[in-house]
Amino acid sequence: MLNGNDLYTLDITAASFTQACGGPCTEGCVTLARIGDDAWALGDSKRPDAQPLRFTTEELSVAGIDPARFGLSL
């Protein structure tokens, strides 16, 4: 299992981010991408200069975020 430091060593330049808004939002400010086995990046499309935060699948689950809800497979 990856730890928090390992997540930030993963290259995300080719990551494909998907809108992960929880409501009827048309702006889609929250974005989510799979960046590795058991690794995810959570970004903000309104702040493209900000580095996305990185989480394990378990961390997303504890936060109540299910990538499958946004069309991303575990």
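Residues numbered from 1 in each chain as written. Predicted model: local features only at pLDDT ≥ 70, side-chain atom pairs only at ≥ 80, totals over all residues. Heavy atoms only, no water.

Looking at the environment of glutamate 58
Rule in force here: Under the scheme used here, helices are H or I runs from DSSP no shorter than 4 residues and strands are E runs no shorter than 2 residues, and both carry numbers assigned from the N terminus. For the exposure calls, accessible area comes from a 1.4 Å probe over protein chains only, and a residue counts as buried if that area is under 20% of its type's maximum, exposed if over 50%, partly exposed in between.
Mapped onto the elements of the fold, glutamate 58 is located in helix α2 (residues 57-62). A relative accessible area of 48% places glutamate 58 in the partly exposed class. Spatially, the C-alpha atoms of glutamate 58 and alanine 39 are 9.3 Å apart, while their sequence positions differ by 19 residues.

As for the pairing of strand β3 (residues 39-44)
Looking along a regular strand, one sees side chains alternate from face to face of the sheet. Our working rule: One bridge is not enough; two strands pair if DSSP finds at least two bridges between them.
Here strand β2 (residues 30-36) pairs with β3 via six bridges, running antiparallel. Across the sheet, the residue bridging to arginine 34 is tryptophan 40, located in β3. Following β2, the chain reverses through two residues before pairing antiparallel with β3; aspartate 38 in that reversal takes a positive phi of roughly 65°. Pairing of β3 with strand β4 (residues 53-56), which is carried by four bridges, proceeds in the antiparallel orientation. Residue pairing for β4: tryptophan 40 is matched across the bridge by phenylalanine 55.

Some details on the sheet that holds β2
The sheet built from four strands is open, its strands ordered β1-β2-β3-β4 with antiparallel pairing. The open sheet terminates on both sides in strands that have one partner only, identified here as β1 (18-19) and β4.

Section: the pairing of β2
As paired elements, β1 and β2 share two bridges and run antiparallel to each other. By the bridge assignment, glutamine 19 is partnered in β2 with threonine 31.

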